[in-house]
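Structural features, examined
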Amino acid sequence: EMASKEGYPHFMLKEIHEQPLAINSTLAGIEEGAFNKVVNAILDSRKILIIGAGTSYHAGLVGDYLLTSMLGLDTHTLISSEYRKYLNAVNDGDTVIAISQSGETIDTLVAVRAFKERGAKIIAISNVIDSAIPRESNYVLYTRAGPEIGVAATKTFTTQLTVLTILALKIGVATGKLTTNEYRSAMDMIGKIPGLLQNVITKTEGKVKALSEHMSKKQSAYYLGRGIGVPLSMEGALKLKEIAYIHAEAYPAGESKHGPIALVEENYPVVFSILDDDNADAMLGNVMEMKARDAYIIGLVPDKYVGKFRELLNVTLEMPSIDYRVAPVIYIVPMQLLAYYTAVARGYDPDKPRNLAKTVTVE
Ligand code: G6P
């Protein structure tokens, strides 16, 4: 077992560190033909549904953000087990993007079958070749993260985001929403992700490890973002719940005043994902309102805004100033590390969280 962990104490830590490689392999394995078919299917459909469970659902929400806000497509994302809501709304030729790392999650498979029956075309995004969901789908796009052993998804999530972002860009250029130049420069930016991700690991790991000592004594935390930072925060919160067993809730930062801020008292941990996007000023206001309640504020901040935010933050995790479309892939990494080190500080095995299975094959 030690050998396959390659010297890391846990598979999860190894898999977090493997993400630059996993993304490189996914980029190298992109099959243009498969993408073209998927793009054509989407161009022919009126509506796009995205389904998934757990982390794959969060990847779906990030993809949804791009398809909706960047391209203006009629996209809806749902948790696989809630597919019935849309059964009546899906028709012949609509497309359903089914995201499943394992390709075997029964909730997603059941939804795939039901939507297929309605005449929808199914596009699977999976990490496991020839697994059940790809086999029952019309088209498949594979991530090439390699086997993921840790129950909490890490490298399969960031490779899913990579595939979804490329898909959105390809749809964008095919529909004329993006110019060829915009498409090319965005693709160049995707090529830079592995390097950026490696830098973020190197720069933040020590600081996050120190922070985890503090976090390990907490009972509850908020993860806040705006825009594409919302599903990103949802995934950050899920990691902490899954392996560190600390209650964590993510919601859009603008909602604090409509309820959740009632819980905030001195030293209540709040993790803000501040992106280099149109929401940065509004996020500053949201950080200030938490500061006024003496919350313990952890901020993931683009380097160009560090000066603006640092005074308000208890812990500043400096992130590269990058296009919002690739930010989730990079920003999730310190949150994965925070969950990992917090679980270890609390004496839990992050690879085998209680009550959870890597792949859930019962409804
Ligand atoms: C389980 C795992 C999660 C995972 C979810 C979906 O609940 O514990 O980590 O995100 O299944 O898995 P899938 O293989 O469909 O992506």
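Residues numbered from 1 in each chain as written. Predicted model: local features only at pLDDT ≥ 70, side-chain atom pairs only at ≥ 80, totals over all residues.

How we decide: UniProt positions are given in the numbering used here, feature names are shortened, and annotations may be inferred rather than shown by experiment.
As annotated in an unreviewed UniProt entry, the protein carries the name Glutamine--fructose-6-phosphate aminotransferase [isomerizing] and comes from Vulcanisaeta souniana JCM 11219. In its Subcellular location (unreviewed entry) section, the UniProt record describing the protein reads: "Cytoplasm".

Structural notes on the packing of helix α4 (residues 54-70) against helix α11 (residues 229-244)
Each pair of packed helices can be summarised by the angle the axes make with each other and by the distance between the axes. Stated precisely, the cut-off is as follows: As a rule, the C-alpha atoms of each element are fitted with a line to give its axis, helices using only the stretch in contact, and angles between N-to-C directions run from 0 to 180 degrees. Secondary structure follows DSSP: runs of H or I at least 4 residues long count as helices, runs of E at least 2 residues long count as strands, and numbering of each begins at the N terminus. Relative orientations are named as follows: roughly parallel for angles under 35 degrees, roughly antiparallel for angles over 145 degrees, roughly perpendicular for angles from 65 to 115 degrees, and oblique for any other angle. Should the near helix be turned anticlockwise from the far one by less than a right angle, the crossing is termed left-handed; should it be turned clockwise, right-handed. Each residue gets a C-beta atom placed from its backbone, and two residues are in contact if those atoms lie within 7 Å. Charged residues are taken to be Asp, Glu, Lys and Arg, nonpolar residues to be Ala, Val, Leu, Ile, Met, Phe, Trp, Tyr, Cys and Pro, and polar residues to be all remaining types, Gly included.
Their axes nearest at 9 Å, the elements α4 and α11 cross at an angle of 170 degrees. What the angle tells us is that α4 and α11 run roughly antiparallel. Every pair of crossing elements has a handedness; the one defined by α4 and α11 is left-handed. Contacts between α4 and α11 involve Thr55, His58, Leu61, Val62 and Tyr65 from the first element and Pro231, Leu232, Met234, Glu235 and Leu238 from the second. Split by residue class, the contact of α4 with α11 holds seven nonpolar, two polar and one charged.

Overview of the site of the ligand
Filter applied, for reference: Using the backbone to place each C-beta atom, any residue with that atom within 6 Å of a molecule or strand is considered near it.
What surrounds the ligand is a group of 16 residues, the closest being Gly54, Ser100, Gln101, Ser102 and Thr105. The element best represented in the shell around the ligand is α4, accounting for three residues.

Some thoughts on the sheet that holds strand β3 (residues 95-100)
Let me state the cut-off plainly: Strand pairing follows a simple DSSP-based rule, namely that at least 2 bridges must link the two strands.
Reading across from one edge, β2-β1-β3-β4-β5 is the order of the five strands in this open sheet, with parallel pairing throughout. Each edge of the sheet is formed by a strand with only one pairing partner; in this case those strands are β2 (75-79) and β5 (139-142). Averaged over all pairs of adjacent strands, the angle between their axes in this sheet comes to 20 degrees, without regard to strand direction. Examined bridge by bridge, strand β1 (residues 48-52) and β3 share four bridges and lie parallel to one another. When the sheet's bridge partners are listed, leucine 49 is paired in β3 with valine 96. Strands β1, β3, β4 (121-126) and β5 of the sheet are contacted by helix α3 (residues 32-43), whose axis makes an angle of about 130 degrees with β5.

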